[in-house]
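# Observations on the model geometry
Okay, here's what each chain looks like letter by letter:
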Amino acid sequence: MLSVDAYLTFCDETLDAYAGIVRSLGDPLVNATVAGVDGSNSAYAVVSHVVGVMGRWARTVNRGIVVPRDRDAEFTATGTVEEALALLETGRARLHEDVRAADPAAAPENPSEGRDDDYATQGEVLLHVYEELAQHLGQLEVTRDVLLARS
């Protein structure tokens, strides 16, 4: 079984990569999307979304602590590099708290309703959180590569 510290190390390395990408884009590109690609998201929007994901799943679903979320607004959020980094740090701190409070074998306190991805345990929910972090990191890496190549 994966320890809490090992899990958080994986998450932290992923969040560090997000921060590095945001810094590499700088304020001129952090809100840019890939021109000509429908549904392209800016780096800031991806950061906003993954912070929402972490709050929804690790806190609301697992712990029953409701975190207000406007998922659609996450994808249109804009801001500066410093604001994106602050969002990441707030999300990271909250995730650490939520992971340390989780019982991997217990059922989620507030399971999702009407979704295909209903998880039986808090451990499964946390795996989903990491899955989302990794998936969106890949998206962010491609976005960065295209934006920097075009600038």
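These notes cover the structure that comes with them. What you see is a predicted model, and the numbers here were worked out from it, not measured in a lab.

### Let's talk about the overall build of the chain
Scanning the chain from N- to C-terminus turns up five helices and zero strands. Relative to the compact-globule value of 15 Å for 151 residues, the chain shows a C-alpha radius of gyration of 16 Å, a close match. When its C-alpha atoms are laid out on the principal axes, the chain stretches across 50 × 30 × 20 Å. Every one of the 151 residues in the chain was classed for burial, and the buried ones make up 46%. Relative to all contacts within the chain whose residues are 6 or more apart in sequence, the contacts with residues 24 or more apart total 75%. On the chain, roughly 7600 Å² of surface is accessible, and the fraction owed to carbon and sulfur atoms is 52%.

### Comments concerning the packing of helix 1 (residues 4-29) against helix 2 (residues 43-63)
Interaxial distance between helix 1 and helix 2 falls to 10 Å at its minimum, and their mutual angle equals 160°. Our classification of the angle between helix 1 and helix 2 gives roughly antiparallel. Of the two elements, helix 1 crosses helix 2, and the hand of that crossing is left-handed. In contact with Leu15, Tyr18, Val22 and Leu25 of helix 1, helix 2 contributes Ala43, Val46, Val47, Val50 and Met54. Residues of the contact of helix 1 with helix 2, tallied by class, amount to nine nonpolar, no polar and no charged.

### Quick notes on the packing of aromatic side chains
Counting across every chain of the model gives two aromatic pairs. Measuring from centroid to centroid gives 6.0 Å for Phe10 and Tyr130, while their planes differ by 70°, and the two rings are edge-to-face. Here the residue Phe10 occupies a position in helix 1, and Tyr130 occupies one in helix 5 (residues 122-150), the gap between them amounting to 120 residues. Geometrically, the ring pair formed by Trp57 and Tyr119 is edge-to-face, given 5.7 Å between the ring centres and 75° between the ring planes. Residue Trp57 is located in helix 2, and its partner Tyr119 is located in the loop between helix 4 (81-101) and helix 5; the two are separated by 62 residues in the primary sequence. For Trp57, a relative accessible area of 3% puts it in the buried group. The aromatic ring of Trp57 is capped on one face by Arg56, whose charged end is 5.4 Å from the ring centroid.

Analysis parameters
- Residues numbered from 1 in each chain as written.
- Predicted model: local features only at pLDDT ≥ 70, side-chain atom pairs only at ≥ 80, totals over all residues.
- Heavy atoms only, no water.
- Helix = DSSP H or I, 4+ residues; strand = E, 2+ residues; numbered from the N terminus.
- Rg over C-alpha atoms; globule rule 2.2 N^0.38 Å.
- Buried < 20%, exposed > 50% of the residue type's maximum accessible area, 1.4 Å probe, protein only.
- Contact = heavy atoms within 4.5 Å.
- Areas by Shrake-Rupley, 256 points an atom, 1.4 Å probe, with all protein chains shown as cover.
- Axes fitted to C-alpha atoms, helices over the stretch in contact; angles between N-to-C directions.
- Parallel < 35°, antiparallel > 145°, perpendicular 65-115°, else oblique.
- Left-handed = near helix turned anticlockwise from the far one by under 90°.
- Nonpolar A, V, L, I, M, F, W, Y, C, P; charged D, E, K, R; others polar.
- Phe/Tyr/Trp six-rings, centres within 6.5 Å; stacked < 30°, edge-to-face > 60°.
- Lys NZ or Arg CZ within 6 Å of the ring centre and 35° of its normal.

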